[in-house]
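Notes for the structure review
Listed below, chain by chain, are the residues.
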Amino acid sequence: MTEVGIDAVEIWTGKLKLDLPGTFAPEKGDDPEKYTKGLGLNNSSFPDVYEDIVTMGANAAKGLMDRKGLEPADIGRIDVATESAFDHSKPVSTYIAGCLEQVYDGDFTHANKGERKFACLAGTQAIDDAYNWIRAGRNRGRPAIVITTDTALYARGDPGEATQGAGAVAMLIDENPSIVALSTDQGYGSKDETDFLKPNQQFPSVDGKRSVQVYLSRMREALEDYESVTGDIELDDFEYAPFHTPFPGMVRKAALLAYRHVIRDTEHEDALAGEIGRQPREADFADREAYEGAIRDYMDELKTTEQYQTWYDTVVEPTLGLSREVGNWYTSSVHIARISALRDALTRDRSFVGDTLLVASYGSGAQAEIHSETVREGWRAEIEELDIDDRLAARYDLTWEEYEDVHDVHEYDMDVEREIEEFTQPEAEFVFTGWGRMNERKYEYVE
Ligand SMILES: CC(=O)CC(=O)SCCNC(=O)CCNC(=O)[C@H](O)C(C)(C)COP(=O)(O)OP(=O)(O)OC[C@H]1O[C@@H](n2cnc3c(N)ncnc32)[C@H](O)[C@@H]1OP(=O)(O)O
């Protein structure tokens with residue numbers, strides 16, 4: 001069977017940054033280590049005044065097409081995943097295709113376009129859609145472009161304000177992919193939840209603490225479902241585990257739970273028994289409360305063991321590199337976790353063609369999905385092409401007052417009377433230029 005998966009990737013970061021320990025924490029009266037150590041974030045990316053989900057998505061897609069030498073007629077499908085859409089009818093993919101048609105010969109007239117929504121999970125679902133379309137043989141030999149793009153902004157003063165971000169990832173989904181091939185093994189954990197939602201509003205209503213618990217519960221269900229397909233997974237089944245990363249501290253919690261689950265009744269649990277005892281079993285406790293207390297104590301000890309730390313530092317920590325510098329990119333977050341893992345492998349000069357990634361996606365509302373991917377021969381050449389380090393370094397560092405202005409500019413209902421100048425000079429990229437006669441957003445390419 002021909003493999004299908006991710007053939008190429010491109011990342012576009014919002015061109016501004018907010019220093020969380022240096023600029024945000026003092027204004028909030030917080031200890032900077034709440035951000036660096038607790039949440040695990042150094043900076044958030046923000047969109048400049050001429051950037052939005054369309055410009056970021058189109059810029060990522062253009063980078064991808066240029067690098068792969070593609071023209072619009074080569075592409076059979078464009079799907080955009082976002083939870084920041086500004087149009088309830090016209091999909092963001094049409095706006096992005098319109099941008100791209102300004103700069104390429106030909107057009108996307110015969111490409112199927114759509115928009116996927118399930119909070120941060122939608123990017124993974126759009127990859128699934130492209131995979132299925134190719135597998136079904138309906139693609140006429142053409143690849144799909146999947147774009148994840150979000151301006152993850154929270155209302156000023158909301159606890160989520162610490163976990164904002166803005167950026168896009170474009171991925172080429174094709175047969176015989178260069179980076180990773182997708183497996184058909186998948187597990188889901190899905191329930192109707194009201195933890196994080198945006199009912200006809202720009203900024204989310206969030207129950208932050210509950211959203212953390214919902215994330216962990218859905219992930220556990222997805223892992224159990226995945227194992228019902230593959231059999232029990234073992235620690236050395238996968239080299240990296242990229243998770244959806246709203247902030248690295250969230251992944252730290254999820255990884256500890258996953259580790260406890262995976263080592264139960266294995267030699268790894270035995271190896272730890274002398275140090276911290278065996279995992280509590282529910283049957284040994286009089287009630288659920290006592291059992292849960294014992295589990296919490298076991299986990300507190302587990303996370304301090306060298307055995308766990310070594311695993312975490314090798315398999316999970318390297319997936320958090322980009323997230324620490326950009327914040328939450330919602331639909332892109334799990335995809336930048338995958339890219340972070342591959343960048344780590346590049347830095348370490350690892351040869352891991354044929355090895356496995358266990359990818360754990362999540363969307364509020366809520367659903368988790370877990371699947372595996374196999375690293376392909378061309379991964380190194382593709383990841384070497386990324387210039388994200390330069391883009392991150394070039395971001396404009398906002399003062400607190402400038403951050404307040406930028407937040408206002410991007411708030412739909414805010415009537416910003418004062419003129420707010422752009423902070424960076426656009427160059428070789430798409431920019432937002434204003435509104436058209438039907439209130440549509442307009443874009444131009446700046447040389
Ligand atoms: C949104 C999505 O993308 C979808 C999802 O994944 S939902 C799951 C994640 N949820 C979200 O991201 C919702 C948006 N975020 C939020 O609402 C909030 O940022 C939040 C609820 C996650 C945290 O808000 P908060 O109450 O201000 O932070 P708080 O819990 O006090 O501190 C955060 C961490 O820093 C730690 N911390 C605080 N001060 C510290 C210090 N000085 N030094 C070290 N650590 C510190 C805290 O102990 C805590 O860690 P633990 O949870 O491990 O104990």
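Predicted model only: the values in this text are computed from it and were never measured. (Residues numbered from 1 in each chain as written. Predicted model: local features only at pLDDT ≥ 70, side-chain atom pairs only at ≥ 80, totals over all residues. Heavy atoms only, no water.)

**Structural notes on a positive patch on the surface**
The grouping of Lys 34, Lys 209, Arg 252 and Lys 253 at the surface amounts to a positive patch. Along the chain, the position of Lys 34 falls in helix α2 (residues 32-39). (Patch = residues over 30% accessible without salt bridge, like charges linked within 9 Å, V, L, I, M, F, W, Y side chains within 5 Å. Areas by Shrake-Rupley, 256 points an atom, 1.4 Å probe, with all protein chains shown as cover. Salt bridge = Lys/Arg side-chain N within 4 Å of Asp/Glu carboxyl O. Lys, Arg positive; Asp, Glu negative; His and termini not counted. Charge placed at Lys NZ, Arg CZ, Asp CG, Glu CD. Helix = DSSP H or I, 4+ residues; strand = E, 2+ residues; numbered from the N terminus.)

**Examining the sheet that holds strand β7 (residues 165-175)**
The sheet built from 8 strands is open, its strands ordered β5-β4-β6-β7-β1-β8-β12-β11 with mixed pairing. With one partner strand each, in any of the chains shown, β5 (112-116) and β11 (356-363) form the two edges of the open sheet. If you compare each strand with its neighbour and ignore which way they point, the axes differ by 25 degrees on average. Looking at chain direction, strand β1 (residues 4-13) and strand β8 (residues 180-190) are connected through 2 bridges and run antiparallel. Its bridge partner being in β8, Gly 5 is matched across the sheet by Ala 181. (Pairing = 2+ DSSP bridges. Axes fitted to C-alpha atoms, helices over the stretch in contact; angles between N-to-C directions.)

**Considerations on the UniProt feature "domain: Hydroxymethylglutaryl-coenzyme A synthase C-terminal" (unreviewed entry) in the chain**
Within this structure's numbering, the places UniProt gives as "domain: Hydroxymethylglutaryl-coenzyme A synthase C-terminal" (unreviewed entry) are residues 194-411. Helix and strand shares over residues 194-411 are 54% and 11% respectively, and the end C-alpha atoms of the span are 23 Å apart. (UniProt positions renumbered as here; feature names shortened; annotations may be inferred.)

**Here we look at the confidence of the model for the chain**
When pLDDT is averaged across the chain, the result is 97; 99% of the residues are at 70 or more. For this predicted complex, the interface score ipTM comes out at 0.98, while the overall pTM is 0.97. (pLDDT = per-residue confidence, 0-100.)

**A closer look at the pattern of salt bridges**
For the structure on display, the rule yields 32 salt bridges. Between Lys 37 and Glu 33 there is a salt bridge, and its shortest N-O distance comes to 3.2 Å. Here Lys 37 pairs with Glu 33, and both are found in helix α2, just 4 residues apart, close to one helical turn. Glu 33 gets classed as partly exposed once you look at its relative accessible area, which sits at 41%. The salt bridge involving Glu 382 is made with Lys 68; its shortest N-O contact spans 2.8 Å. (Buried < 20%, exposed > 50% of the residue type's maximum accessible area, 1.4 Å probe, protein only.)

**Here's the deal with the UniProt feature "domain: Hydroxymethylglutaryl-coenzyme A synthase N-terminal" (unreviewed entry) in the chain**
Residues given the UniProt feature "domain: Hydroxymethylglutaryl-coenzyme A synthase N-terminal" (unreviewed entry) here are residues 3-175. Helix and strand shares over residues 3-175 are 34% and 28% respectively, and the end C-alpha atoms of the span are 6 Å apart.

**Comments concerning the side chain of Lys 17**
For Lys 17, the position within the fold is in strand β2 (residues 16-19). Of the side chains with opposite charge, Asp 397 comes closest to the buried, unpaired Lys 17, at an N-O distance of 4.6 Å. Discounting chain neighbours no more than four positions away, the residues touching Lys 17 are Asn 43, Ser 44, Ser 45, Arg 395, Tyr 396, Asp 397 and Leu 398. (Contact = heavy atoms within 4.5 Å.)

**Digging into the site of the ligand**
Surveying the vicinity of the ligand reveals 27 residues, the closest of which are Lys 34, Lys 209, Ser 211, Lys 253 and Asn 328. A distance of 2.9 Å is found between a nitrogen atom of the ligand and a side-chain nitrogen or oxygen belonging to Asp 31. Within the contact set of the ligand, an oxygen atom lies 3.1 Å away from a backbone nitrogen or oxygen of Pro 159. Against a free-state accessible area of 1,000 Å², the protein chains account for coverage of 73% of the ligand. Those elements giving two or more residues to the shell around the ligand turn out to be α2, α6 (208-230) and α7 (248-263). The element best represented in the shell around the ligand is α2, accounting for 5 residues. Classifying every residue of the shell around the ligand gives 12 nonpolar, 8 polar and 7 charged. (Near = heavy atom within 4 Å. Polar contact = N/O pair within 3.5 Å; in protein donor to acceptor, adjacent residues only side chain to side chain. Nonpolar A, V, L, I, M, F, W, Y, C, P; charged D, E, K, R; others polar.)

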